[in-house]
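Analysis of the macromolecular model
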Amino acid sequence: MQASEYDAIVVGSGISGGWAAKELTEKGLRVLLLERGRNVEHIKDYVNATKAPWEYLHRGGRTKAMEEEYQVLKRDYPLKEAVRLVPGLSGRRPLADVGTAELSTW
């Protein structure tokens, strides 16, 4: 196996990581982009992108059950039925168990 050299390593291809990788490669750097999540195919995997509000059970809005499940997201995120959340994502513990200290990513 041949060793590869990179000028930058970007972890995560989300909104910030993807943009960082794009900018660095456009400047001519060799970039290694690491992603743990599944491959998301454009259009096919955006199941809610073309739905109208009346196609949702609660008209695309927020429910009490969602507020209880996503304690942190309800505070700082456009939490609503139309936004497809990652299965298993819990807003109760955003990044780590920090005991009694509050952890906010914003």
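Preceding this section is the structure that the text describes.
Here's what I pulled together on the structure shown here.

Cut-off values and rules
- Residues numbered from 1 in each chain as written.
- Predicted model: local features only at pLDDT ≥ 70, side-chain atom pairs only at ≥ 80, totals over all residues.
- Heavy atoms only, no water.
- Buried < 20%, exposed > 50% of the residue type's maximum accessible area, 1.4 Å probe, protein only.
- Helix = DSSP H or I, 4+ residues; strand = E, 2+ residues; numbered from the N terminus.
- Pairing = 2+ DSSP bridges.
- Right-handed = clockwise from strand over helix to strand, strands pointing away.
- Contact = heavy atoms within 4.5 Å.
- Polar contact = N/O pair within 3.5 Å; in protein donor to acceptor, adjacent residues only side chain to side chain.
- Expected span 1.5 Å × (residues − 1).
- Salt bridge = Lys/Arg side-chain N within 4 Å of Asp/Glu carboxyl O.

**Remarks on the pairing of strand β1 (residues 8–11)**
Judged by which residues are buried, β1 turns out to be one-sided: Ala8 and Val10 face inward and are buried, whereas Ile9 and Val11, on the alternate face, are not. Of the pairings in the sheet, the one linking β1 to strand β2 (residues 31–34) comprises four bridges and is parallel in character. By the bridge assignment, Ile9 is partnered in β2 with Leu32. Following the backbone out of β1, through helix α1 (residues 15–26) and into the adjacent parallel β2, one traces a crossover that is right-handed.

**Some words on the environment of Arg30**
Here Arg30 is to be found in the loop between α1 and β2. As a C-alpha pair, Arg30 and Ala8 span 22 residues in sequence and 6.6 Å in three-dimensional space. Each residue touching Arg30, except ones within four places of it in the same chain, is listed here: Ser4, Glu5, Tyr6, Asp7 and Ala8. Here the side chain of Arg30 touches Glu5 through a polar contact of 2.9 Å, landing on its backbone oxygen.

**Re α1**
For α1, built from twelve residues, the straight-helix expectation of 16 Å at 1.5 Å per residue is met to within 8% by its first-to-last C-alpha distance of 17 Å. After α1 finishes, the residue Gly28 shows a positive phi value of roughly 95 degrees.

**As for the environment of Gly60**
Structurally, the position occupied by Gly60 is in the loop between β2 and α2 (64–69). Separated by 20 residues in sequence, Gly60 and Lys80 place their C-alpha atoms 6.1 Å apart. Not counting residues up to four positions away in its chain, the partners in contact with Gly60 are Pro53, Lys80, Glu81 and Ala82.

**Quick look at the pattern of salt bridges**
Pairing between side chains of opposite charge can happen when the charged atoms of each approach one another. In the structure shown here, the tally under the stated rule is four salt bridges. Between Glu67 and Arg62 there is a salt bridge; the shortest N-O distance is 3.8 Å. Residues joined by salt bridges that share partners form a network here, namely Lys22, Glu23 and Glu26.

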